[in-house]
Number of protein chains: 2
Amino acid sequence: MTGKPDIKYLFEPRTVAVIGASHNPEKIGYKIVENILACGYGGNVYPINPEGGEILGISAYKSVADVKEDIDVAVITIPAKSVYEAVRSCADKGVKFSLVISSGFSEIGDVESEKKIVSYAREHGMRIIGPNIFGMYGAKASFNATFGTRDVLPGDVAIITQSGALGISLMGRTAVDKLGLSSMFSLGNKSDIDESDLLEYLIDDPETKIIMMYIEGIKQGERLVSLLRKAAKKKPVIVIKAGRSRRGAIAAASHTGALAGADNVFSDIMKQCGVIRAESIQEALDWCKYISETRQPNGENTVILTNGGGMGVMAADACEKYSVNLFDDQETLKKIFAPVVPAFGSMKNPVDLTGQATLENYKTAIEAALQNKDIHSIICLGCETAFFDAGKISEMIKKTYLEARPDKPVVFSFFGGARIEECIKELKDANIPAFSDVYESVSCMGALYASYRNTKYAVESTDPQKIKIDDKAIESVIKKALDDGRQFLMPYEGEAVMAAAGIRVPRNYIAATIEDAVKCAEKIGYPVVLKIVSRDIIHKSDAGGVIVNLENENELMDAYQAIMFNAKKYKPDAHIEGVQVSEMLAKLTKDAEVIAGAIRDKSFGPVVMYGLGGIYVEVMNDVSFRSYPMAKQEILDMINETRSSKLLAGVRGSSRKDVSAVIDTLAKLGTILVRHDDITDIEVNPLVVYDENKGALALDVRILLAKSKEVKK
Amino acid sequence: MTGKPDIKYLFEPRTVAVIGASHNPEKIGYKIVENILACGYGGNVYPINPEGGEILGISAYKSVADVKEDIDVAVITIPAKSVYEAVRSCADKGVKFSLVISSGFSEIGDVESEKKIVSYAREHGMRIIGPNIFGMYGAKASFNATFGTRDVLPGDVAIITQSGALGISLMGRTAVDKLGLSSMFSLGNKSDIDESDLLEYLIDDPETKIIMMYIEGIKQGERLVSLLRKAAKKKPVIVIKAGRSRRGAIAAASHTGALAGADNVFSDIMKQCGVIRAESIQEALDWCKYISETRQPNGENTVILTNGGGMGVMAADACEKYSVNLFDDQETLKKIFAPVVPAFGSMKNPVDLTGQATLENYKTAIEAALQNKDIHSIICLGCETAFFDAGKISEMIKKTYLEARPDKPVVFSFFGGARIEECIKELKDANIPAFSDVYESVSCMGALYASYRNTKYAVESTDPQKIKIDDKAIESVIKKALDDGRQFLMPYEGEAVMAAAGIRVPRNYIAATIEDAVKCAEKIGYPVVLKIVSRDIIHKSDAGGVIVNLENENELMDAYQAIMFNAKKYKPDAHIEGVQVSEMLAKLTKDAEVIAGAIRDKSFGPVVMYGLGGIYVEVMNDVSFRSYPMAKQEILDMINETRSSKLLAGVRGSSRKDVSAVIDTLAKLGTILVRHDDITDIEVNPLVVYDENKGALALDVRILLAKSKEVKK
């Protein structure tokens, strides 16, 4: 395999060949050449058509081999069956990137042809985007090699989309919304180049201020996660992933062939990466446009101005939904707004200028808010009333807003009839963020703050190689199980793995005689629990085979004899192997029972899980996920994200629990997975968490292994 | 007090007086007369102005007393200080309804003036709407007595709004959205007429097909609930209530002076009533328009048609969010769509016509879906592609859809550039439900199905008077506590109340002697628990003062002696009152612990609560509420609405619990509240629920009483 070409030439190609350039204006091979030319591409364009001739005034070559110049990008738009030959000729010619528009590969089940193409390309140092894509756009080279809209605007938003049909209509939509793009890529089947490859470039691309991605399924998730984390620290990254619902996830999987993965895993990991997730495409576009045109705020004091109490309340609801923080300093609010708000209005936030507020009142209030340094952002609402002259709003706002060129984020939301509609349109045309729906405007503000917070708080992952666990001990446990042909560990093996990682488990020993039992109890320390060990006695308690809270040697010996007596009475012919002597756990109702786990996710690799434990795991589904490795702070975030995290903080007067022991346990579980490929699942349920500084105890451990060496991630 | 006027004359007034009619076109008193005349009101209009003269070509009277004719409605729009006099003159004249537009009453703290007005009006048989409103609209009389838009369209949607500024802009918005109204009312301070009064009329109003309400706070909730239940059985009722968030609720309370109430109580009770709750005003308007123009479906088999897999997945997500059921019969789907879907498309639902689908393909698919009886509704999506000609969509849809005049609900959602925008506009203009956002279209379908389900399933409340509880016993417990000056019941009193209602509580007796103890145990039935009773021994277990699981008289007597011995050893000078003999509770971890409660809600009166019990109540907040009385089926619904309801169904192989005992307990708690005004709160936590047919046990009961007779609701 020769070296990979510089991906810069994909974003800014100097020359392009169109394999399958057509004379027929109805064909995609014609439309692509047409778009390239119409959008002002400055490089040389080589239409390739076996018939030769002229296409749109340019001489067509019969073969790409005939082109003298080096080719940066070849666009391939011919039937699937001929694509391999075309790819060969491009690769042989030394083309750097091939965009395979043609469909009819893995998306309809033909994985082999796709593999063949990629493997030839890779061997010859060419990279493939697609197949099954609609092309790409790069603003710097004015390069629109798509069959989408020609009206695409250059700008600072990069879009990567997995879906073709949706992507091409999305491109059209950006033009309508006047959202300028730095680049746009359709990924299709992701046979070679995927979102990670493009993301890597976009992180440092000075042309790109915001990255928006439409995702259906993820492969190579670990690399993507590390790149997303890096990207989101530098610029806002907005993601839309369809398949939130169970039903949706099934549809997504059948459509892309990629495993969509459990949506809550995806959702939590995006949060971890600092990526903002939009529900709908329009929401994502609104966010891109707003963030692209707005300066970052200087703080989190947001003020709502309104002339309708009801609209103010709805905005306050929306602020909670989208995590926008309302400014609450009554004194300051009073100082700022007392001169503006009538007696029966409200100077609390939302600031209610009352239904009698005129445009002049609004102007004064907006200016007061813009000028005050304690206010960092403004949500300005207006209902159309007899006093609030819809015909003149846009003029006033334009003057106030544009003249002030505010260094703080503002959104406007006006509600009313035809004149309000017109006013919103006028404001939008002047690039002023105005919406009719309160939720839409606040959602934009929320996205801005989400990206603001993310750039503020940086976290560095702890290196899992630095966490001390006894790998050799773990390997030997695994080996034994694999040698037995098992894909799971026995409970005592699971406990051994925990012990090797320094996670506390209940201590217990098997004793065959009464003297043995006494020795074991001394090793453990009183009080202890004694249980009969016999394969013939399943219901130990029913047989009188369990005695708890034995506090000294005398009690232990009495109990031993009692258990033996009971067992014989219960089942005279039972084969009795001995007794189990266990640590007497001070498991009190005040201790928290949580679940801690680590799984090898098909999309994201090692993923750590935390949540409410016991039977409530299934019932309440109160769990959170994170990609591992990660920083301690992130583990704390994931714990705090669960509703039940209050249990650790201490509820109903019960004391604080040892959160750091939970963090430690989760880090160790993740580390075990990272360092032992054979393990696919670890579930500790419950992990009993004691009071602060008292640690935690893995009461029940289940560990699963990969089917065989081949199956591993 | 004379009789109330027939509210019909509010909705269809035959004559109107405008008190404060003005010569100045800037004044509201001018605008209202102008609107009444401009909108084609057919009755007589009497402008009242002390200066007389002509207003808009009509002679003004100096006083309402001067008008010869009877007046159905007087619109009062003069400064607050003169309103009382105007109301007096109207009432004296025999006016039926006064709309008090003027503000400056309870909303700014002047409760007294408002009370004075209402009390005078009531004494003279006149009713008041307002004060602090923007007026009303009634389509039947073409009566637009507002200072809002004149473009309001007559139709079949009735709107009731509590907010003034929002309401008037909402009125303007209906005109833009071409949503026809049967009537619209602004309620303002609700000093007299409130939403219930209007609702009562609207339930049987043949002009009204849909009722939409904007609510901020509720008074007289019990009446409203019973009317909403009735209304929602007959026609869709759509509610928007701002104040979902804690912050929003605070803002709402400060703004209206009405208690917003806990939002989850409101939300759950609306569900109970069959009312559909919208998040934003625009959503509510979209729902109204869609439901108003669409026939009810014949079943719940919905099919998604798409040319973009991604858009299909998003629609499937949205279907889950808005409870739209996707048709899943693969055989039937295949039969219908095999002729339409290309090989690499999907005949599963979402049906993927692929990115290469042409308008002709769409037409065939839509027609196939429209004609098939197994499909009850259609969500048709389209991404703008090279094949999907945006310029011709609206023409095709109009033809296909309007010609078919389908008897099944359809929504369209198209995504793309400028031509798609235009197409959506054209379709909307033709009253075809088309949206660019997938979530918006599916949300409309969801609202339609919500109202469809509600009319299908009727439930009749159980009469709380028919539930057997021992009221006398309860009253005597309450009386004792009140006589003691307490606002709470002691634990044993709470247990007595439960027992009087036939709710099982742990049985226990105090015994002073060993003979007593034996008698008590016989009353309870073995096994029993024995506990020392001594004010000097707090930690009974530490003192060896608790012995459990006593199975017969011998064991009991041994235990009695052991306890006495232990107690004396533990604290030789302790004063020992005797022992408590208690039922031995088989409280196993497999029993479910739930919380059952009943509270007297400030907005809604008796409200019953159910949820996950124990410490998890606070942590998980997994509770549901219902207004009481209600039907058994509704109690079951409220149980099933909690995430933890799975506990009762049996999780992890544990058996089904006695759900009917929970239903019975909740009904009894509600009944206690309905029949005993002094009780404000009952909380049973935990209510231990045993296996099926084994009942439930109120392990811990807390009951609170009202402060004094005056405070009671």
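Residues numbered from 1 in each chain as written. Chains lettered and ligands numbered in written order. Predicted model: local features only at pLDDT ≥ 70, side-chain atom pairs only at ≥ 80, totals over all residues. Heavy atoms only, no water.

## Things to note about the overall build of chain A
Item 1. Helix and strand counts for chain A stand at 24 helices and 29 strands.
Item 2. Classification of the 713 residues of chain A by burial places 59% in the buried group.
Item 3. Accessible area of chain A: about 28,500 Å², with a carbon and sulfur share of 50%.
Item 4. Averaging the coordinates of the 87 positive side-chain charges in chain A and doing the same for the 96 negative ones gives two points 1 Å apart. (Helix = DSSP H or I, 4+ residues; strand = E, 2+ residues; numbered from the N terminus. Buried < 20%, exposed > 50% of the residue type's maximum accessible area, 1.4 Å probe, protein only. Areas by Shrake-Rupley, 256 points an atom, 1.4 Å probe, with all protein chains shown as cover. Lys, Arg positive; Asp, Glu negative; His and termini not counted. Charge placed at Lys NZ, Arg CZ, Asp CG, Glu CD.)

## Details of the nonpolar core
Item 1. Counting residues in each nonpolar core, the largest one holds 233 residues, and the members touching the most others are A:Leu10, A:Met213, B:Leu10 and B:Met213.
Item 2. Once you skip the residues sitting within four places of it in the chain, B:Met213 turns out to touch B:Ile160, B:Glu195, B:Leu199, B:Leu224, B:Leu228, B:Val237, B:Ile238, B:Val239 and B:Ile240.
Item 3. Within the second largest apolar cluster, 98 residues are counted, among which are A:Met498, A:Val662, B:Ala667 and B:Leu673. (Core = buried A, V, L, I, M, F, W, Y, C linked by side-chain atoms within 4.5 Å. Contact = heavy atoms within 4.5 Å.)

## A word on the sheet that holds strand E14 (residues 276-278) of chain A
Residue and element names in this part refer to chain A.
Item 1. The mixed open sheet is built from 7 strands, whose spatial order is E9-E8-E11-E10-E12-E13-E14. With partners counted over all chains shown, the strands left at the sheet margins are strand E9 (143-146) and E14, one partner each. Between one strand and the next, the sheet's axes are offset by a mean angle of 20°, whatever the strand orientation.
Item 2. Inspection of the sheet shows strand E10 (residues 154-161) paired to strand E12 (residues 210-215) by 5 bridges, in the parallel sense. (Pairing = 2+ DSSP bridges. Axes fitted to C-alpha atoms, helices over the stretch in contact; angles between N-to-C directions.)

## Overview of the interface of chain A and chain B
Item 1. Taken residue by residue, the interface counts 81 residues in chain A and 81 residues in chain B.
Item 2. Counting the surface lost from both chain A and chain B, the interface buries some 6,400 Å², and carbon and sulfur atoms represent 62% of this.
Item 3. Inspection of the chain A/chain B interface yields 4 salt bridges.
Item 4. The salt bridge involving A:Arg173 is made with B:Glu421; its shortest N-O contact spans 2.5 Å.
Item 5. Seen at the junction of chain A and chain B, the total is 14 residue pairs in polar contact (both at pLDDT 80 or more).
Item 6. At 9 residues, the largest contribution of residues to the side of chain A that touches chain B is made by helix H11 (residues 309-321) of chain A.
Item 7. Partitioned by chemical class, the residues of the side of chain A that touches chain B number 36 nonpolar, 24 polar and 21 charged. (Buried area = accessible area lost by both parts, 1.4 Å probe. Salt bridge = Lys/Arg side-chain N within 4 Å of Asp/Glu carboxyl O. Polar contact = N/O pair within 3.5 Å; in protein donor to acceptor, adjacent residues only side chain to side chain. Nonpolar A, V, L, I, M, F, W, Y, C, P; charged D, E, K, R; others polar.)

## Comments concerning the domain arrangement of chain A
Residues and elements named next belong to chain A.
Item 1. According to the domain assignment, chain A contains domain 1 (1-138), domain 2 (151-291), domain 3 (294-454), domain 4 (471-583) and domain 5 (590-705).
Item 2. For the domain 2 and domain 5 pair, buried surface summed over both sides reaches about 1,300 Å², with 56% attributable to carbon and sulfur atoms.
Item 3. Among the residues of domain 2 in contact with domain 5, Val265, Asp268 and Gln272 are the three that bury the most area, contributing 37% of the side total.
Item 4. Joining domain 2 to domain 5, the criterion identifies 2 salt bridges.
Item 5. Lys271 is the partner of Glu641 in a salt bridge, and the nearest nitrogen-oxygen pair spans 3.0 Å. (Domains from an automatic or database assignment.)

## Description of the relation of the copies chain A and chain B
Item 1. In screw terms, the move from chain A to chain B is a rotation of 180° and a rise of 0.3 Å along the axis, fitting with an RMSD of 0.6 Å. This pairing of chains is accounted for by a two-fold axis. Closest approach to the rotation axis within chain A is made by the C-alpha atom of A:Met620, at a distance of 3.9 Å. (Least-squares fit on C-alpha atoms with pLDDT ≥ 70 in both.)

## Looking at the confidence of the model for chain A
Residue and element names in this part refer to chain A.
Item 1. Averaged over chain A, the pLDDT score is 90; the fraction of residues at 70 or greater is 95%.
Item 2. Below a pLDDT of 50 lies the segment residues 254-260, which in the model reaches 21 contacts outside its immediate sequence neighbourhood of four places, other chains included.
Item 3. Scored as a complex, the prediction yields pTM 0.88 and ipTM 0.86. (pLDDT = per-residue confidence, 0-100.)

## A word on the packing of helix H6 (residues 195-204) of chain B against helix H7 (residues 221-234) of chain B
Residue and element names in this part refer to chain B.
Item 1. For the pair H6 and H7, the least separation of the axes is 9 Å and the interaxial angle reads 25°. Taken together, the axes of H6 and H7 lie roughly parallel to each other. Crossing hand, H6 versus H7: left-handed. Across the interface between the two elements, Glu195, Ser196, Asp197, Leu199, Glu200, Ile203 and Asp204 from H6 touch Arg223, Leu224, Leu227, Leu228, Lys230, Ala231 and Lys234 from H7.
Item 2. Classifying every residue of the contact of H6 with H7 gives 6 nonpolar, 1 polar and 7 charged. (Parallel < 35°, antiparallel > 145°, perpendicular 65-115°, else oblique. Left-handed = near helix turned anticlockwise from the far one by under 90°.)

## Focus on the environment of B:Tyr9
All names here are of chain B.
Item 1. Here Tyr9 is to be found in helix H1 (residues 8-11).
Item 2. Taking the C-alpha atoms as reference, Tyr9 lies 33 Å from Ser461; in sequence the two are 452 residues apart.
Item 3. Look past the residues within four positions of Tyr9 in its chain and what remains in contact with it is Arg14, Asp72, Val73, Lys96 and Phe97.

## Considering helix H18 (residues 491-500) of chain B
All names here are of chain B.
Item 1. Of the positions making up H18, those classed as buried are Glu493, Gly494, Val497, Met498 and Ala500. The arc enclosing the buried residues of H18, seen along the axis, measures out at 165°, which places them on a common side. Those residues of H18 that are exposed and angled more than 90 degrees off the buried face are Pro491 and Tyr492.
Item 2. Taken together, the buried residues of H18 touch helix H17 (471-483), helix H24 (659-675), strand E27 (679-689), strand E28 (696-698) and strand E29 (701-705).
Item 3. Of the residues trailing H18, Gly502 is marked for its positive phi of about 75°. (Arc of directions from axis to C-beta.)

## What about the environment of A:Asp374?
Residue and element names in this part refer to chain A.
Item 1. Relative to the helices and strands, Asp374 is located in the loop between helix H13 (359-371) and strand E17 (377-383).
Item 2. Asp374 sits in the partly exposed class, given a relative accessible area of 37%.
Item 3. Between the C-alpha atoms of Asp374 and Thr332, which are 42 residues apart in sequence, the distance is 8.0 Å.
Item 4. Excluding residues within four positions of it along the chain, Asp374 makes contact with Asn301, Phe327 and Thr332.

## Some thoughts on the sheet that holds strand E6 (residues 97-100) of chain B
Residues and elements named next belong to chain B.
Item 1. An order of E2-E1-E5-E6-E7 is seen for the 5 strands of this open sheet, with the pairing classed as parallel. Among the strands making up the open sheet, the edge pair consists of strand E2 (44-48) and strand E7 (127-129). The sheet shows a mean angle of 20° between the axes of neighbouring strands, direction not considered.
Item 2. Examined bridge by bridge, E6 and E7 share 3 bridges and lie parallel to one another. Bridge pairing links Ser98 to Ile128 in E7.
Item 3. Across the face of the sheet, helix H3 (residues 80-93) comes into contact with strand E1 (15-19), strand E5 (73-76), E6 and E7 while running at roughly 170° to E5.

## Some remarks on the pattern of salt bridges
Pairs can form between side chains of opposite charge whenever their charged atoms are close.
Item 1. Per the counting criterion, the structure on display carries 76 salt bridges over all chains.
Item 2. Between A:Glu34 and A:Arg150 there is a salt bridge, with its nearest N and O atoms 3.1 Å apart. Taken as a pair, A:Glu34 in helix H2 (residues 28-38) and A:Arg150 in the loop between E9 and E10 lie far apart in primary sequence, 116 residues in all.
Item 3. The class of A:Glu34 is partly exposed, set by a relative accessible area of 23%.
Item 4. Of the charged contacts in the structure, one is a salt bridge between B:Asp204 and B:Lys234, with a shortest N-O distance of 2.8 Å. Here B:Asp204, found in helix H6, pairs with B:Lys234, found in helix H7; they are 30 residues apart in sequence, far enough to count as distant. Exposure class is identical for B:Asp204 and B:Lys234. Each is exposed.
Item 5. One connected set of salt bridges, linked through shared partners, spans A:Arg122, A:Arg127, A:Asp192, A:Asp197, A:Glu200 and A:Arg223.

## Points about the environment of B:Ser655
All names here are of chain B.
Item 1. Following the sequence through the fold, Ser655 ends up in the loop between helix H23 (646-649) and H24.
Item 2. In this structure Ser655 comes out as partly exposed when scored by relative accessible area, which is 32%.
Item 3. A C-alpha to C-alpha distance of 38 Å links Ser655 and Ser443, two positions 212 residues apart in sequence.
Item 4. Reaching out from Ser655, the side chain makes a polar contact with the side chain of Asp691 at a distance of 2.9 Å.

## Notes on the packing of helix H19 (residues 514-524) of chain A against helix H20 (residues 553-570) of chain A
Residues and elements named next belong to chain A.
Item 1. At a minimum axis separation of 10 Å, H19 and H20 run at an interaxial angle of 140°. By the criterion of interaxial angle, the relationship of H19 to H20 is oblique. Handedness of the H19/H20 crossing: right-handed. When H19 is examined against H20, the residues Ile514, Ala517, Val518, Ala521 and Glu522 are found in contact with a partner set consisting of Glu553, Leu556, Met557, Tyr560 and Gln561.
Item 2. In the contact of H19 with H20, the residues fall into 7 nonpolar, 1 polar and 2 charged.

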